[in-house]
Every structure is written in C-alpha cells, then in structure tokens.
Amino acid sequence: MGAKYDLFFLTLFLVMTCTFGYFGNVLDDDCFCQLHGKIDDCSCNVDTVDHFNNVKIYPRLRSLLHKGYFRFYKVNLRRPCPFWSDDSRCSMRYCHVEACEDKDIPVGLKGGLENHSSKNLYVTQSCEDDHNAELGYLNTTISAKVQEDIVLWSAYDDAQDNFCVLEDNDSESEYVDLLLNPERFTGYKGKSAHRIWNSIYMENCFTSTRNDNPYIQSSKLNNMCLEERVFYRVISGLHASINIHLCAQYLLSETSLSERDGKWGPNLSEFLTRFSKETTQGEGPHWLRNLYFVYLLELRALNKASRYLEKEEFYTGNENEDWDTQLAVKDLLNVVQKFPDHFNETTMFSGSEQAEKLKYEFKQHFRNVSKIMDCVGCDKCRLWGKLQVQGLGTALKILFSGKFDDQPDLSMDKKKFQLQRTEIVSLINSIGRLSTSIYELDEFRQMLR
C-alpha cells in the first residue's frame with residue numbers, strides 16, 4: 001500500500017508541476033543544481049560534455065556496441081567472494097544471466113586468433129617450399145623449468161600494469177551475450193547490495209575518518225590530495241551511473257512465469273529517491289556531477305589509446321562485419337580526438353617517491369574493488385559490475401601504467417603495451433554505459449519539466 005500511496009502523491013505532484021510550472025523548477029534545481037559550470041579537477045564544462053556526448057558520442061557508441069566483437073564478453077561469474085561468505089544470492093528470476101549458446105558465438109572468438117592466421121597461409125607455404133632444413137636449423141629447446149619461469153615473469157609483468165584481475169585464461173570463464181542480458185533493475189537490493197558499496201567506499205576510498213556514512217562529503221574533498229579525490233570521484237561517478245541505469249530500466253510490472261520478460265522503463269520516483277538533496281543529505285547532485293568526471297577520464301583514456309586501437313582488426317570471423325567495426329571504431333576515435341578539453345592525467349603521480357607509493361596504493365585499492373565484484377549476489381548485477389569496473393581499470397591502466405605513449409607513432413610496439421580482448425570490450429562498453437547515463441539524465445530532466 002505504501003508504494004501505491006507514494007506513486008499517487010508523486011503523480012499528483014507532477015500534475016501540479018505541469019499545471020503551475022513552479023514546482024518543476026524546484027525539482028529540477030534539487031536534482032540538477034550541480035550540473036552546470038566547470039567540472040571539478042577538469043577544465044571542461046558540463047554543457048560542453050552534454051552536447052558532445054548526446055549529439056556525437058552516444059549515437060556512435062549505441063551502434064558500435066551491437067557489433068559482434070563488443071557484444072560478447074568473456075567472464076567468470078562463479079568466482080567465490082574472497083572477503084566474506086556470500087549467503088545472500090538473489091532469488092529473483094530477473095537476476096539470472098541467460099547462457100550463450102555455442103552456435104551464437106562468433107567463430108573467431110571461439111578459438112582466439114588461431115583461426116585468423118589462415119590469411120597468411122599462402123605466405124607460409126611459399127616460405128616452406130624454399131626452406132632448407134639444414135641451413136635453417138635453430139635449437140629452440142627450452143627446459144620445462146625455464147618455460148614455467150617465463151610464464152611467471154609474464155604474469156608478474158602484466159600484474160604490475162593491470163588495475164583489475166583479468167579472466168581471459170580462466171578455465172571457468174564463459175562468453176555472455178550482453179544484448180541478451182541488458183543492465184537494469186532486477187530487484188537485487190537490501191543488506192547484501194548495501195554491503196558491496198559500503199565495502200568499496202569505507203575500505204578502499206582514501207579517507208582518514210570513519211563513520212556510519214560511507215560517502216565522503218563533497219565539502220571535504222578539497223582537504224584530500226588530487227589522487228585521492230580522483231579515486232573517490234571515479235568510484236562515486238561509476239556508482240551514480242549504475243544507479244541511473246537502474247532507474248531508467250526499472251521493473252515497472254512483472255509478467256507471468258510463462259512469459260520471458262517484464263515491463264521495463266524509467267522510474268522518476270526512484271530517480272528522485274536516489275539523487276535528490278532531501279534523500280541524500282545534500283550529496284545526490286554532487287554524485288551526478290562525479291558521473292561527468294569519470295566520463296571525461298575514460299574518454300581521455302580512449303583518446304590516448306586511439307593510435308593503438310586504430311591498428312586493431314576486431315576479428316570475429318565475419319569479414320564484412322569486422323570491416324564495418326574497424327570503420328566504426330576509427331570514426332568514433334576521430335570524433336574523440338577532436339574533443340577540446342580532455343582530462344589531464346599528467347598532473348597525477350608525479351615528482352616524488354611519495355607519489356610512486358601513492359600510485360601503488362591507488363592501484364591496490366582499485367584491484368580490491370574489482371575483487372569485491374565477485375561478492376555481488378545477483379548474477380546480472382555481477383556481470384555488469386565486473387564489466388564496468390574492468391573497463392574503468394583498463395582506462396586507468398592506459399593513463400597510468402607508464403608504458404603507453406599517445407604520440408603519433410604508428411609503429412607502436414605491442415611488446416611495450418598490450419590490451420587483451422576483454423579489456424578492449426570492457427573499455428568500450430564501460431564508456432558506452434557512462435555515455436548512456438548522461439543521455440538518460442537529460443531524459444529525466446525533461447520528465448521533471
């Protein structure tokens with residue numbers, strides 16, 4: 001009954017808004033009062049991002065993310081929670097992740113890039129025809145112990161760069177069709193869900209004070225150093241983005257068990273509950289502002305990696321679609337490169353031994369956040385949480401690994417810096433989620449007006 005009364009009064013309130021106009025401005029100011037002017041720790045304005053994203057970036061990403069290369073994500077949803085006993089699995093059917101049938105997975109993804117070598121078959125055969133075994137002999141014998149050491153060295157080097165634990169070679173990882181399992185509100189909430197975010201904020205965000213409120217007040221952020229502020233803002237912005245998705249794709253009504261899906265759509269009441277000043281101790285509008293910050297950070301990473309990504313073939317085995325994907329990515333990167341006010345990562349972790357220590361702590365804290373995703377009790381929430389955290393971790397790797405050069409050198413050596421396929425997929429999908437959030441914010445603003 002309480003929910004029905006809340007909906008009744010909200011409807012009445014919105015009718016008054018449409019009739020008299022005034023209250024709409026009050027609500028607009030309440031939720032969106034911080035979405036103007038220069039974005040904190042950046043040189044860009046909110047209005048600039050809104051126009052650039054909604055007109056140029058969002059339409060391109062929306063189309064790109066339907067391509068086979070970015071549609072299928074390899075992930076392990078069976079990892080046990082490493083921090084506490086997870087006894088609160090979501091029992092709602094909407095939490096379930098629909099399995100991907102083998103026939104639906106692009107052939108080029110099933111066998112990695114081995115199948116891709118066939119295009120070089122003619123060259124290989126020609127070389128073998130002219131090959132003199134005696135002249136070409138080379139002793140390639142490597143002992144088993146040395147081979148094991150090489151694997152360990154490689155894994156260690158990768159771990160130094162990565163902000164997340166990669167699952168590419170995990171035997172339990174499986175491909176998931178992201179279009180078949182869209183991110184939306186599944187009913188997963190309460191103590192288990194709050195525990196996830198409380199652990200992320202209270203145990204990993206840099207702060208010397210601890211109280212019952214896991215969030216750092218916006219008025220106290222300036223007391224922190226730049227790196228600590230950045231860490232909090234990217235986590236807060238990611239959290240805001242996820243909450244916007246849940247509000248925009250809310251379960252409005254359930255269907256019978258014989259039907260596949262319920263009715264999903266925007267829930268304005270839920271949006272106000274999560275972001276209005278009255279329900280968030282004044283912090284909700286600042287959380288929305290942090291969304292713009294993490295968007296700019298990931299956009300800068302995409303720009304910095306553009307020379308690298310322009311050389312990717314995005315191979316799935318479908319020649320026509322692979323070609324279209326390459327063109328679509330290059331078109332997106334071309335637009336991103338023209339953005340006038342990118343985030344400046346060079347101001348971070350510079351100048352002292354203390355800065356290197358802080359960089360190490362920054363990375364370890366974020367790795368912990370990625371591990372906490374294995375504690376999410378809803379499979380669909382876990383899927384999208386892991387993907388977006390890995391995408392953000394990939395962006396941080398590009399910006400702060402120290403091995404990536406964004407100068408116009410088309411002969412970039414992939415031995416110095418390399419992205420796994422899951423990192424590329426998660427990065428583009430993560431930016432796609434942030435881009436969608438900013439687009440959906442404008443729709444909620446229109447609903448309020």
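Residues numbered from 1 in each chain as written. Predicted model: local features only at pLDDT ≥ 70, side-chain atom pairs only at ≥ 80, totals over all residues. Heavy atoms only, no water.

(A) Local environment of the overall build of the protein chain. What the protein chain contains, in helices and strands, is 16 helices and four strands. Among the 449 residues that make up the protein chain, the fraction classed as buried is 49%. Pairs at least 24 apart in sequence give 82% of the contacts found in the protein chain among residues at least 6 apart. Carbon and sulfur atoms form 50% of the exposed surface of the protein chain, whose accessible area is close to 23300 Å². (Helix = DSSP H or I, 4+ residues; strand = E, 2+ residues; numbered from the N terminus. Buried < 20%, exposed > 50% of the residue type's maximum accessible area, 1.4 Å probe, protein only. Contact = heavy atoms within 4.5 Å. Areas by Shrake-Rupley, 256 points an atom, 1.4 Å probe, with all protein chains shown as cover.)

(B) Structural detail: the pattern of salt bridges. Scanning the model with the defined rule gives 15 salt bridges in all. Put simply, Glu-345 and Arg-300 hold a salt bridge, and the shortest N to O gap is 2.9 Å. Taken together, the positions of Glu-345 in the loop between helix 13 (319-337) and helix 14 (353-372) and Arg-300 in helix 11 (residues 284-304) put the pair 45 residues apart, joining distant regions of the chain. Across the pair, exposure class does not vary: Glu-345 and Arg-300 are buried alike. Across the pair Lys-304 and Glu-345 runs a salt bridge, and its minimum N-O distance is 3.2 Å. Of the two residues, Lys-304 sits in helix 11 while Glu-345 sits in the loop between helix 13 and helix 14, which places them 41 residues apart along the sequence. The pair formed by Lys-304 and Glu-345 is uniform in burial state, with each residue classed as buried. Linked through salt bridges whose partners overlap, the residues forming this network are Asp-41, Arg-229 and Arg-233. (Salt bridge = Lys/Arg side-chain N within 4 Å of Asp/Glu carboxyl O.)

(C) The arrangement of the confidence of the model for the protein chain in detail. Averaged over every residue, the pLDDT of the protein chain is 81; the share at 70 or more is 74%. Note on residues 408-412: pLDDT is under 50 here. Beyond four places in sequence and across chains, it has nine contacts. (pLDDT = per-residue confidence, 0-100.)

(D) Summary view of the packing of aromatic side chains. Under the counting rule described, the total for this entry stands at 20 aromatic pairs. Measuring from ring centre to ring centre gives 5.0 Å for Phe-231 and Phe-362, while their planes differ by 90°; the resulting arrangement is edge-to-face. One end of the pair, Phe-231, is in helix 9 (residues 226-248); the other, Phe-362, is in helix 14, with 131 residues separating them in the sequence. Of the two residues, Phe-231 and Phe-362, both sit in the buried class. Taken together, Trp-197, Tyr-201, Tyr-215, Tyr-232 and Trp-287 form an aromatic cluster joined through their ring pairs. (Phe/Tyr/Trp six-rings, centres within 6.5 Å; stacked < 30°, edge-to-face > 60°.)

(E) Up close: the nonpolar core. Membership of the largest hydrophobic core comes to 111 residues, with the highest contact counts inside it found for Phe-70, Ile-235, Phe-271 and Leu-297. Apart from residues lying up to four places away in sequence, Ile-235 is in contact with Trp-197, Ile-200, Tyr-201, Cys-205, Phe-366 and Val-369. (Core = buried A, V, L, I, M, F, W, Y, C linked by side-chain atoms within 4.5 Å.)

(F) Focus on the environment of Ile-398. Examined against the element boundaries, Ile-398 turns out to sit in helix 15 (residues 379-400). Spatially, the C-alpha atom of Ile-398 lies 6.9 Å from that of Ala-305, the residues being 93 residues apart in sequence.

(G) Geometry of the side chain of Ser-437. If you trace the backbone, Ser-437 turns up in helix 16 (residues 421-448). Take Ser-437: its relative accessible area is 0%, and that puts it in the buried class. Excluding residues within four positions of it along the chain, Ser-437 makes contact with Ser-241, Ile-244, His-245 and Leu-291.

(H) Examining unusual backbone geometry more closely. We note that Asp-41 has phi near 60°; this positive angle belongs to a residue other than glycine. In this structure, Asp-41 sits in the loop between helix 2 (22-32) and helix 3 (46-64). Residue classification places Asp-41 among the partly exposed positions, given a relative accessible area of 29%. We note that Phe-314 has phi near 50°; this positive angle belongs to a residue other than glycine. When you line up the elements, Phe-314 lands in the loop between helix 12 (306-309) and helix 13.

(I) Inspection of the state of the cysteines at higher detail. The full count for this structure, using the stated rule, is one disulfide. In this structure Cys-31 is not part of a disulfide, and its nearest cysteine sulfur, from Cys-33, lies 8.2 Å away. Relative accessible area serves as the criterion here: at 0%, Cys-31 is assigned to the buried category. (Disulfide = S-S within 2.5 Å.)

(J) Quick peek at the packing of helix 3 against helix 11. Direction vectors running N to C along helix 3 and helix 11 enclose 60°, while the axes themselves pass 11 Å from each other. As far as their axial angle goes, helix 11 and helix 3 are oblique. Here helix 3 and helix 11 pass one another in a crossing that is left-handed. Counted together, Val-46, Val-49, Asp-50, Phe-52, Asn-53 and Ile-57 of helix 3 and Arg-289, Tyr-292, Tyr-295, Leu-296 and Leu-299 of helix 11 form the full contact between these two elements. The residue inventory of the contact of helix 3 with helix 11, partitioned by class, reads eight nonpolar, one polar and two charged. (Axes fitted to C-alpha atoms, helices over the stretch in contact; angles between N-to-C directions. Parallel < 35°, antiparallel > 145°, perpendicular 65-115°, else oblique. Left-handed = near helix turned anticlockwise from the far one by under 90°. Nonpolar A, V, L, I, M, F, W, Y, C, P; charged D, E, K, R; others polar.)

(K) Geometry of the environment of Asn-181. Of note, Asn-181 is situated in the loop between strand 2 (174-177) and helix 8 (191-204). Sequence separation between Asn-181 and Cys-100 is 81 residues, and the spatial gap between their C-alpha atoms is 9.9 Å. Once you skip the residues sitting within four places of it in the chain, Asn-181 turns out to touch His-96, Val-97, Glu-98, Val-176, Lys-380, Leu-383 and Trp-384. Polar side-chain contacts of Asn-181 include one of 3.0 Å to the backbone oxygen of Asp-177. (Polar contact = N/O pair within 3.5 Å; in protein donor to acceptor, adjacent residues only side chain to side chain.)

(L) Expanded view of the side chain of Thr-394. Tracing the chain through its elements places Thr-394 in helix 15. Relative accessible area serves as the criterion here: at 2%, Thr-394 is assigned to the buried category. The contact partners of Thr-394, leaving out residues within four places of it in the chain, are Leu-419, Glu-423, Ser-426 and Leu-427.

(M) Examining the environment of Val-165 more closely. Within the element layout of this structure, Val-165 appears in the loop between helix 7 (144-161) and strand 2. Between the alpha carbons of Val-165 and Gly-393 there is a distance of 9.4 Å; along the sequence they are 228 residues apart. Sequence-distant contacts of Val-165, defined by excluding residues within four places in its chain, comprise Arg-79, Arg-367, Ser-370 and Lys-371.

(N) Expanded view of the packing of helix 11 against helix 15. Where helix 11 contacts helix 15, the axes come no closer than 9 Å and their chain directions differ by 55°. Between helix 11 and helix 15, the crossing angle belongs to the class labelled oblique. The crossing of helix 11 and helix 15 is left-handed. Residue-level inspection shows Val-294, Leu-297, Glu-298, Arg-300, Ala-301 and Lys-304 of helix 11 in contact with helix 15, the latter providing Gly-391, Leu-392, Ala-395, Leu-396, Ile-398 and Leu-399. The residue makeup of the contact of helix 11 with helix 15, split by class, is eight nonpolar, one polar and three charged.

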